[in-house]
Amino acid sequence: MTTVVRTSEPDYLHAQTNRKGISAWIFSTDHKRIGILYMVSMLVFFLTAVVLGVLMRLEMLTPGKTIMEPQTYNTFFTLHGIMMIFLFIIPGLPAVFGNFLLPLMIGAKDVFFPRLNLLSWWLFIIGGLLALVSLFLPGGPADTGWTFYVPYSIRTTTNVIPALFAAFILGFSSILTGLNFITTIHRMRAPGMTWFKMPLFTWALYSTAWIQVLATPVIGITLLLVVVERLFGVGIFDPNLGGDPVLYQHLFWIYSHPAVYIMILPGLGVVSEVLPVFARRTIFGYKVIAYSSLAIAFIGSLVWAHHMFTVGMSNTGMFIFSLLTFLVSIPSAIKVFNWIATLYKGSIKIEVPLLFVLSFIFQFSIGGLTGLMLGVLSVNIHVQDTYFVVGHFHYVMFGGTGFGLMAAMHFWFPKMFGKMFKKTPAIIGWLLMTVGFNVLYFPMFFLGYLGMPRRYYDFLPQYQSYHIISTVGSWILFIGILIIFINLIISLKKGMKAPANPWGGKTLEWTIPSPPPVENFQEIPIVEKGPYDYSEYEIKPEIAK
Amino acid sequence: MTTAAATHTHRDDVGSRMGMWLFLFTELILFGGLFIVYAVYRFKFPEQFQLAARELDTLVGTVNTIILLTSSLTVAMSITAIQQGKKHLSMMLIGMTIIFALAFLVNKYFEWSHKISIGIYPQSPELLNKPQGEILYFGLYYVMTGLHALHVIIGMVVLLFSMVFIATGKINQQSYVKLEAGGLYWHLVDIIWIFLFPLFYLIS
C-alpha cells in the first residue's frame, strides 16, 4: 500500500505501481486507465466491424454474387451488428469517456466502486472474446442478425449460444458500469457542485446509466431463455410447443429500444459539452437540456413496440406506440434547437471537434426526422424492414453517436494523452468522413422507399445505381476513418505537448494538467460557478442594442 | 493494490448501500422478464395452467417457504448481532442461514427428481403429449425455480464469504456494510420465492 510515488505528482500514464508492464494497466483500478483500456479494445472491435461493413457494401455492388457467398453475407451482417452494437456503440462513449471524464468533471478522485469498474472491463473483454471464439468453433458464426429473432435463432445450426452468452456477459458489464456511475454522481460530487452545476455530459451519463441499470436485465433474461430453449427445448418461444415468437420480440425491444438511447444520449452530451467551448457562450437552456436527457430516457423506455408494427398488434396498441414515438422526438428536438441557439451570436472558433459536432447536428436531424417518418403507422407498413430503416439508424447511430465519438476523441485527446493532434489531416479526415457518410447512407432512403429489403443478399437490377453510389460512399468514408486514426496515432508519438486547457474549456477537467495526475486533483475543488461561464466573452448589453 | 485503490480510503456506507440497492433492482427486473412471460402465457392458457399446477405438491412448497422466511430472520439477526459486537453469535446465525438454504435446495432436489421420475421434464414424451399450456407451465416451472435455485447458491457463497470476513475481522462492529449487502441479497432471494410460491403452487 505504500508504493505510490508522490514526489512530483506523476501523470497517470507514467505513474509507477508495484505491477509492471501490461498488468499495470489491465489490473489497474484507476478510472483513467480503465477508460483507455476500453478505448483500445473498443476501437479494435470497431475497426473490425468497419471492415465487415465495407466488405458487405462491396458485395452489394452488383446483383448476384460479387465477392462472397450468401451464407457468408448472413454471418457478416450478424457480426457487424453484434460488434457495432454490443462491443462498440453501447460501451463506446459511456465506458471510454464516461470512465475517463466523469470523476474529473465532478471533481472526484475516482468512481465510487473502482474494483467493480475493473470487473466491468474484464467482463467486456470476456464477452468480446467469446463473440470472437464463436466465429471459429465448428458450426460457423451466427447468422441470425444481431436481433436473434426466434424461431430461427432456435433452429439454425450455427453458433448462436456463444454469441448469446457473449451478449449476456456484455450486458452484465454494462449494468455494472451504470450502477457505478449512478452511485458516483450521487455521492462524489465536489463541494458546491449542485445537480444543476454539473456539466451536461455528466447529465447525459446519468440518464444513460439509469437506462443501463433498468433495461439491460430484460435482455439478459431474454437471451438466457433462448439459450435454455436451444439446450433443453423448454418451449417458451417455440411455436411448436405453444410458445410465442412475438413475445420474444417484445422482450427483446423492451431492452433494445432503450438501448438505442444508451447509444445516443452520451453523444448528445458530448455536443452540449463541445458547443459552448467553441462558441464561447454559455449553453442556451442548460436546465432544459438536462431535463430533456431524463425525458428521453423515460419516454424512450415506453416506445419499444414501434419496431414491431407489422407483427399484428391491436390497433390501440399501435396507436399508443406511435404517439409515444412522436413524443420522444420533442426532447430530442429541444436539444437541437438549444444547440443552434447556443451558436447564435457566439464567438465561434472553428476547430476539429466543432466540425464533427456540426456534422453530428446535421446528420442527427436527418436521422431523427426519418425516425419520425418511421413512427407514422401508414409509412411504417411501407418501409418496414427495408433499406429506409438501415439508412435511418445509421444516420442516428453513426452520423450521430459515431461522429459524437470522433468529436470527443479530438476534444479530449489532449487531456487524455497530453499531446496535440495535427489539425490539417484531421480536417481532411472529417471532410471525407462527412461526405462519405452521406454518400453511403442517403441513397438507402431511396432504396428503401422503392422497396429494397434489408439483409437481402441479392437485388433486382433497377436498384443497382443506388447501390453503386452507396458502395462508393463506403470507400470515401473508410479512407476518412483511416486518416483520422492514423493522424491520432502519429500524434500520440509526435504531437506537440498539450497545455492544460487547449480549447478554453470551463469544466473541471481543464483545470488540471494534461495528462491528469494519478490523483486527479491535488485538492478537491470547491465549485462556485456553473459549468459554462463565458460571461467575459459575451456581448455587453450596451453593445447588444 | 494499484495506486487508485491504495490511496482510496474514503468510506461511504450510504453510497455502498445505494449501489447494492441498484443491483437488487436489476435482479428484480431480471425476474420481472420471467414474470411477464408467465403472465402472458397464463392469460393465454388459463385452464391448462390451473390443471398443471395441481401436479405440484403444495406441502413441499409451503415447507420451503417457511424455511426461506426463517432464514431471512436469522440473517437479519446476524446483522443485529454484529452491530452489538457479538461476533460469534453473528457467525452462528449466518451458519444457520446457510443450513436453511441447504435444506431448501435438498427439498427442491427431491421435488425435481420426483417430477423427472414421473416423466415431466422438457422434451419428455410424457410432457409432449400434454396440451401446450401444460408444456409451457412446466417449462416455466423449471426455468424460474431453476434460476431461483441458482440465486440461492450464489447467496450461500456470499454469506459464506461474510462469515469468513467476520472471522478475519474485515466485517466488525464498526464496519458491517458488507454483511448488510449480503443480507439484502438474501432477502431478495426470499422475496422472489414469495412470488414464485403462489404463482406455481397456490393458484390451482
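It should be noted that the structure appears before, not after, this text.
Along each chain, residue indices are assigned from 1 in the same order as the chain's sequence is written. The order in which chains are written sets their letters, starting at A; the order in which ligands are written sets their numbers, starting at 1. With pLDDT at 70 or above as the cut-off, local features in this predicted model cover only qualifying residues; side-chain atom pairs require 80 or more to be listed or tallied, and sums for whole chains, interfaces and linings still use all residues. Side-chain calculation: all heavy atoms of the structure are included, whereas hydrogens and water are not.

A. Geometry of the pattern of salt bridges. A side-chain nitrogen of Lys or Arg and a carboxyl oxygen of Asp or Glu constitute a salt bridge if their distance falls within 4 Å. Summed over all chains, the structure comprises 14 salt bridges over all chains. Residue Asp238 of chain A is joined to Arg155 of chain A by a salt bridge in which the shortest nitrogen-to-oxygen separation is 3.2 Å. Residue Asp238 of chain A is found in the loop between helix 7 (200-232) and helix 8 (245-279), and its partner Arg155 of chain A is found in helix 5 (residues 152-155); the two are separated by 83 residues along the sequence. Three exposure classes are used, based on accessible area relative to the maximum for each residue type with a 1.4 Å probe and protein chains only: buried under 20%, partly exposed in between, and exposed over 50%. Overall, the relative accessible area of 13% leaves Asp238 of chain A in the buried class. Glu134 of chain B is paired through a salt bridge with Lys130 of chain B; the nearest N and O atoms lie 3.8 Å apart. The buried category is assigned to Glu134 of chain B, whose relative accessible area is 6%. One connected set of salt bridges, linked through shared partners, spans Lys349, Glu351 and Lys423 of chain A. By the criteria applied, helices consist of DSSP H or I runs no shorter than four residues and strands consist of E runs no shorter than two, each listed in order from the N terminus.

B. Just a nonpolar patch on the surface, in detail. All names here are of chain A. Distance thresholds for patches are 9 Å for like charges and 5 Å for nonpolar side chains (Val, Leu, Ile, Met, Phe, Trp, Tyr), applied to residues having over 30% relative accessible area and no salt bridge. Shrake-Rupley sampling with a 1.4 Å probe provides the accessible areas, and residues are treated as covered by the protein chains on show and by no other component. A contiguous nonpolar surface patch, about 460 Å² in accessible area, is contributed by Phe319, Ile320, Leu323, Leu327 and Ile330. Examined against the element boundaries, Ile330 turns out to sit in helix 10 (residues 315-343). In this structure Ile330 comes out as partly exposed when scored by relative accessible area, which is 46%.

C. Structural detail: the nonpolar core. Nonpolar cores were defined as sets of buried Ala, Val, Leu, Ile, Met, Phe, Trp, Tyr and Cys residues, with membership established by side-chain atoms within 4.5 Å. Among the nonpolar cores identified, the biggest contains 247 residues, and Phe97, Phe237 and Trp339 of chain A together with Tyr41 and Phe200 of chain B are the most heavily contacted of them. If sequence neighbours within four positions are ignored, Trp339 of chain A has contacts with Leu268, Val271, Ser272, Leu275, Ile283, Ile289, Phe360 and Ile361 of chain A. Contacts are assigned to residue pairs with any non-hydrogen atoms lying within 4.5 Å of each other.

D. How the structure looks around helix 4 (residues 58-83) of chain B. Residue and element names in this part refer to chain B. Between its terminal C-alpha atoms helix 4 stretches 38 Å, which fits the 38 Å expected from 26 residues at 1.5 Å a residue. Here a polar contact means two N or O atoms within 3.5 Å. Within protein one must be a hydrogen donor candidate and the other an acceptor candidate, and residues neighboring in sequence count only if both atoms are side-chain atoms. The N-cap of helix 4, judged by a side-chain oxygen 3.0 Å from the amide nitrogen of Leu59 a few residues on, is Asp57. Remark: Gly85 follows helix 4 within two positions and exhibits a positive phi of approximately 80°. Here, expected helix span is obtained from the residue count minus one, scaled by 1.5 Å.

E. Focus on the interface of chain A and chain B. In this complex, chain A contributes 47 residues to the contact, which on the side of chain B involves 39 residues. A quick way to say it: buried area is the sum, across both parts, of accessible area lost when two parts are put together, with a 1.4 Å probe. When chain A packs against chain B, the two sides together hide about 3700 Å² of surface, and 73% of this comes from carbon and sulfur. Elements with a contribution of two residues or more to the side of chain A that touches chain B: helix 6 (160-187), helix 7 and helix 8 of chain A. Broken down by element, the residue count for the side of chain A that touches chain B peaks at ten residues, all from helix 7 of chain A. Looking at the side of chain A that touches chain B, its residues break down into 27 nonpolar, 13 polar and seven charged. Each residue is assigned to one of three groups, with Ala, Val, Leu, Ile, Met, Phe, Trp, Tyr, Cys and Pro labelled nonpolar, Asp, Glu, Lys and Arg labelled charged, and all others, Gly among them, labelled polar.

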